[in-house]
Structure formats: structure tokens, C-alpha cells
Amino acid sequence: GPAQKYDLLSAMSNRADIEIRKGRAADLQGIAEVLVATWRSTFGDMLPGAFLDAMTVGEQIERHRRRMLAPEASYLVAAQRKDDRIVGIANSGPSRVPRMPYGAELYSLYVLDAFQGFGIGQGLVRAAAFDAVQRGSRSMLVWVLADNPNRRFYSRLGAVPVGRAPVTIGGITLGQVGYAWDDLTGQFGLEIA
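Everything in this summary refers to the structure shown in the same document. (Residues numbered from 1 in each chain as written. Predicted model: local features only at pLDDT ≥ 70, side-chain atom pairs only at ≥ 80, totals over all residues. Heavy atoms only, no water.)

What the largest pocket holds in volume is close to 1200 Å³. Every residue lining the largest pocket is counted, 46 residues in all, and those nearest its centre are F43, L109, Y110, N148 and Y154. Those elements that place two or more of their residues in the lining of the largest pocket are α2 (28-43), α4 (57-69), β4 (104-111), α5 (120-134), β5 (140-145), α6 (152-156) and β6 (160-169). A per-element tally of the lining of the largest pocket places β4 first, with seven residues. (1 Å grid on protein atoms, 1.4 Å probe; cavity = no way out; pocket = protein on both sides within 12 Å on 5 of 7 lines; lining within 4 Å. Points joined across faces, edges and corners; volume = space filled by probe spheres on them. Helix = DSSP H or I, 4+ residues; strand = E, 2+ residues; numbered from the N terminus.)

Here it is in C-alpha cells:
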């Protein structure tokens, strides 16, 4: 079943000590810590320091606790097997852009700096793709800040740019690029159950 599939995905990570699994309420502290740390390290040059400094783990716990309760929410975490420390997260669900022809959307994907480059992000995207397919979506959209140096990561995983849109964060309006996979089953080699 799905549990074995996730084990399979985690085995694909070059770090055998990382497991990818469904996120749960007990993971909220770790999820929030990854979010705050990665926002500060990734967006330090793009967003106001005061905005990033004001981000708190407590606030993120509450925000994601509410989100996690939504029936259509999907949270995946990459955790160290030895101590269950969360080092990466992915959050996905139905697309928020009805005018675009994609069933699912990857809302967020974050991996702590020290754990980047080991295939963990790729494992999380694959797990989110698997999840979307299980929920009946064959395609998935993700929005990435235009200035985010990590956006090539999605191209390498087979996503293609499909649009641009502004987004306002911390009082600043930035450009973002939409990337999409139009055939999750083919692009990730997933079978439909």
C-alpha cells in the first residue's frame, strides 16, 4: 500500500538515514522550524529583514495546524530516522488557480540548507506527485519566486514554465513563475492504483 510506496521513495534518497512520510500534528514544531529557517536563508536578499525577523515558530505552528486540519491538505516530511528530526517538508493539495488546467498544486517545498543536494527535495516532490495521483489528479502546478535561485530544480524534475504572476509578501510585490507537470504518472513513472 501507500506506506511501502513512501518507504520506496525514501530509499531513493542518497541519504539512507532519511525517511519520507506523511506529516502529522506531532510534526508541527519541526515543520515550523524548517519553514522559519529556510525562509530566512532563502529569501534574505529578497524580502525585508524586519519581516523575516518577525516570523516565529509559534505563529507557523498555528498557521499550519489550521491548514493540516483541512481534509484536502497533504503534508509530507523528510525526517532523520535516528531521532525523527524534520529536515524537509512539502505541502500540497488542490490547485488554487482554477483558470489553469492543473488538478493539484505543490504549495511549499523546503529542505534545510545542510540537507540540500542529497535528493531529499526530489523525494518530497515525488511523494507529493504520488499523493496527487492517489487523490485523482494527473497534473500539478507549483509557484516559485522569479528570483529564487532554486527554481531550476523544478525544470530538472520535468516541470515546464506555464505562467507568471505577482505575489505580495511582507509588503513587497515580487514576480513568481508557475511551473507545471501535465502528466504526473508519466513524468514520475507512477502507476495508478
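Turning our attention to α2. For α2, with 16 residues, the first-to-last C-alpha span of 22 Å sits near the 22 Å given by 1.5 Å per residue. Those residues of α2 that sit buried are L28, G30, I31, A32, V34, L35, V36, T38, W39, T42 and F43. (Expected span 1.5 Å × (residues − 1). Buried < 20%, exposed > 50% of the residue type's maximum accessible area, 1.4 Å probe, protein only.)

Now for the pattern of salt bridges. Counted by the stated rule, this structure contains six salt bridges. With a closest N to O distance of 2.8 Å, D27 and R21 form a salt bridge. In this structure D27 comes out as buried when scored by relative accessible area, which is 4%. In this structure, the salt-bridge partner of R65 is E62, at a minimum N-O distance of 3.4 Å. (Salt bridge = Lys/Arg side-chain N within 4 Å of Asp/Glu carboxyl O.)

So, on to the sheet that holds strand β3 (residues 86-94). Pairing in this open sheet of seven strands is mixed, and the strands run β1-β2-β3-β4-β5-β7-β6 from one edge to the other. The open sheet is flanked by β1 (18-22) and β6, the only strands paired with a single partner. Neighbouring strand axes in the sheet, compared pairwise and without regard to direction, differ in orientation by 25° on average. Taken together, the nine bridges between β6 and strand β7 (residues 172-181) define a ladder with antiparallel strand orientation. Its bridge partner being in β7, G163 is matched across the sheet by G178. Along the sheet face, α2 touches β2 (74-80), β3, β4, β5 and β6 and points at about 95° away from the line of β3. Each of β1, β2, β3, β4, β5 and β7 touches α5; the most contacted strand, β4, lies at about 155° to it. (Pairing = 2+ DSSP bridges. Axes fitted to C-alpha atoms, helices over the stretch in contact; angles between N-to-C directions. Contact = heavy atoms within 4.5 Å.)

None of this, on its own, says anything about what the molecule does.
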